[in-house]
Amino acid sequence: MTIETFTDEKTFITKTIDYITSLSPNTIALSGGSTPRPLYQNLKLEATYYQVDERVVSPDNENSNQRMIRETINPHDFHHFDLTLS
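Computed from a predicted structure; not experimentally measured.

Draft legend 1. Examining the nonpolar core more closely. Core analysis: the largest hydrophobic core is formed by 14 residues, its most contacted members being Ile-28, Leu-30, Tyr-40, Leu-43, Tyr-49, Ile-69 and Ile-73. If you list the elements that add at least two residues to this core, you get α1 (9-23), β1 (27-30), α2 (37-40) and α3 (65-72). A total of 3 residues in this core trace back to one element, the largest contributor, which is α1. When near neighbours in sequence (up to four residues on either side) are disregarded, Ile-69 contacts Leu-30, Ser-31, Tyr-40, Gln-51, Asn-74, Pro-75 and Phe-78.

Here you go:
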């Protein structure tokens, strides 16, 4: 196992995107929250994306992880939670 330490966000994003790209993934699992947003904004891979967590809010809510993923990556092949709120 290799552990790398980064001193700035830009280097972290660049190195992480390079690593993910080197794996040539067919599928990618995406977590929500604000932490991965800068990485997702730079992740432009043709893959099948799966959302792996969600808050119990509608997909158009400002706190929706699905909304954040759609706004940052705008994936063509995106499998997400279908929460119906009543």
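Draft legend 2. Structural detail: the packing of aromatic side chains. Applying the stated rule across the entire model yields 1 aromatic pair. Relative to Phe-12, the ring of Phe-6 has its centre 5.6 Å away and its plane inclined at 70 degrees; by these criteria the two rings are edge-to-face.

Draft legend 3. Just the pattern of salt bridges, in detail. Applying the stated rule across the entire model yields 2 salt bridges. Across the pair Glu-71 and Arg-37 runs a salt bridge whose closest N-O atoms are separated by 3.9 Å. With Glu-71 in helix α3 and Arg-37 in helix α2, this pair connects stretches of sequence that are 34 residues apart. Glu-71 sits in the partly exposed class, given a relative accessible area of 49%. Taking the shortest distance from any N to any O, the salt bridge between Arg-67 and Glu-71 comes out at 2.8 Å. Here Glu-71 and Arg-67 lie together in helix α3, a separation of 4 residues that amounts to about one turn. Linked through salt bridges whose partners overlap, the residues forming this network are Arg-37, Arg-67 and Glu-71.

Reading the values: the criteria
Residues numbered from 1 in each chain as written. Predicted model: local features only at pLDDT ≥ 70, side-chain atom pairs only at ≥ 80, totals over all residues. Heavy atoms only, no water. Core = buried A, V, L, I, M, F, W, Y, C linked by side-chain atoms within 4.5 Å. Buried < 20%, exposed > 50% of the residue type's maximum accessible area, 1.4 Å probe, protein only. Helix = DSSP H or I, 4+ residues; strand = E, 2+ residues; numbered from the N terminus. Contact = heavy atoms within 4.5 Å. Phe/Tyr/Trp six-rings, centres within 6.5 Å; stacked < 30°, edge-to-face > 60°. Salt bridge = Lys/Arg side-chain N within 4 Å of Asp/Glu carboxyl O.

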